[in-house]
Amino acid sequence: MTRSSVQLTMKNHVKDYMPLYIFVSVILLFGVVFGAVIVNSMNVSQKQDILSFITQFFGQVNNDGYINGNEVFLSSYSTHLKFLALIWILGISIIGLPIILILLFMKGLVVGFTVGFLVNQLGWHGILLAFSSVFPQNVIVLPLYILLTVLAVQLSIRMIRKQFMKNDNEAIMKQLVSYSIVFCLVAICLSIASVIEAYGSSYFLKAISEIIVSKN
């Protein structure tokens, strides 16, 4: 399959399932917004506890002088692989549809809470920290998670329909193979996001930690 044919296939796929992509993107956005709202609903002592933990972490980073990129990469990539495996399994199950959407919502919630808390407690330093250590990898991760969710929801719906159309086995198997191949390709792409998080964002995190520690 040539590059042009792959691009055409992807373009047609997005066009055919645009309503589903919009729906899934809205769920992710709701998660981000809800995560930010949670920050505002926390009391002062809860915020202070988390801020103390973050400040302690930055102090440790500042004193050690480095962040172990290998450990960060392994932790980040293993988390992505676990998420991929879970979504893959839920996609081929009949009862997995709502759980898939909940998982994407939770991913958005974590991102929204992280960015919201950093900005709420650290101001401009928090914005700088979010742009340097949260956004770079998530520019890759979030669109890929949306793609995975759409594919999993699509297949899950197909599996549900299969219960009422017993002669649909051949089409299901063909889609399952394509589904699995895309997940493998996404796993490779997510390794790039983990590399950025481990070896790119870490440098910015080290520099910003010095500012935050001195500020506090």
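These numbers come from a predicted model, not from an experiment.

Another aspect to go through is the environment of Phe-113. Looking at the element boundaries, Phe-113 is found in helix H5 (residues 97-122). In the structure, Phe-113 is positioned 80 residues away from Val-33 in sequence and 8.3 Å away in space, judged by C-alpha atoms. Ignoring sequence-local partners within four residues, the contact set of Phe-113 consists of Gly-35, Ala-36, Ile-38, Val-39, Met-42 and Ile-50.

Here the focus is the packing of helix H2 (residues 18-41) against helix H7 (residues 135-162). H7 packs onto H2 with a crossing angle of 125° between their chain directions and a minimal axis gap of 10 Å. When the interaxial angle is binned, H2 and H7 end up oblique. The handedness of the crossing between H2 and H7 is right-handed. Counted together, Leu-20, Tyr-21, Val-24, Ser-25 and Leu-28 of H2 and Leu-142, Ile-146, Leu-147, Thr-149, Val-150, Val-153 and Gln-154 of H7 form the full contact between these two elements. In the contact of H2 with H7, the residues fall into nine nonpolar, three polar and no charged.

Enumeration according to the criterion identifies seven aromatic pairs in this entry. Ring centres of Tyr-179 and Phe-183 lie 4.6 Å apart, and the angle between their planes is 50°; this geometry places the pair in the tilted category. Of this pair, Tyr-179 and Phe-183 both sit in helix H8 (residues 169-215), four residues apart, roughly one helical turn. Across this residue pair, the class does not change: Tyr-179 and Phe-183 are buried. Of the aromatic side chains, those joined through ring pairs into one cluster are Trp-88, Tyr-179 and Phe-183.

This part takes up a nonpolar patch on the surface. A cluster of nonpolar side chains, namely Val-14, Met-18, Ile-22, Val-26 and Phe-30, defines an oily patch on the protein surface of about 420 Å² accessible area. When residues of the nonpolar patch are assigned to their parent elements, the largest contribution, four residues, is made by H2. A relative accessible area of 36% means that Met-18 is categorised as partly exposed.

Rules used throughout
Residues numbered from 1 in each chain as written. Predicted model: local features only at pLDDT ≥ 70, side-chain atom pairs only at ≥ 80, totals over all residues. Heavy atoms only, no water. Helix = DSSP H or I, 4+ residues; strand = E, 2+ residues; numbered from the N terminus. Contact = heavy atoms within 4.5 Å. Axes fitted to C-alpha atoms, helices over the stretch in contact; angles between N-to-C directions. Parallel < 35°, antiparallel > 145°, perpendicular 65-115°, else oblique. Left-handed = near helix turned anticlockwise from the far one by under 90°. Nonpolar A, V, L, I, M, F, W, Y, C, P; charged D, E, K, R; others polar. Phe/Tyr/Trp six-rings, centres within 6.5 Å; stacked < 30°, edge-to-face > 60°. Buried < 20%, exposed > 50% of the residue type's maximum accessible area, 1.4 Å probe, protein only. Patch = residues over 30% accessible without salt bridge, like charges linked within 9 Å, V, L, I, M, F, W, Y side chains within 5 Å. Areas by Shrake-Rupley, 256 points an atom, 1.4 Å probe, with all protein chains shown as cover. Salt bridge = Lys/Arg side-chain N within 4 Å of Asp/Glu carboxyl O.

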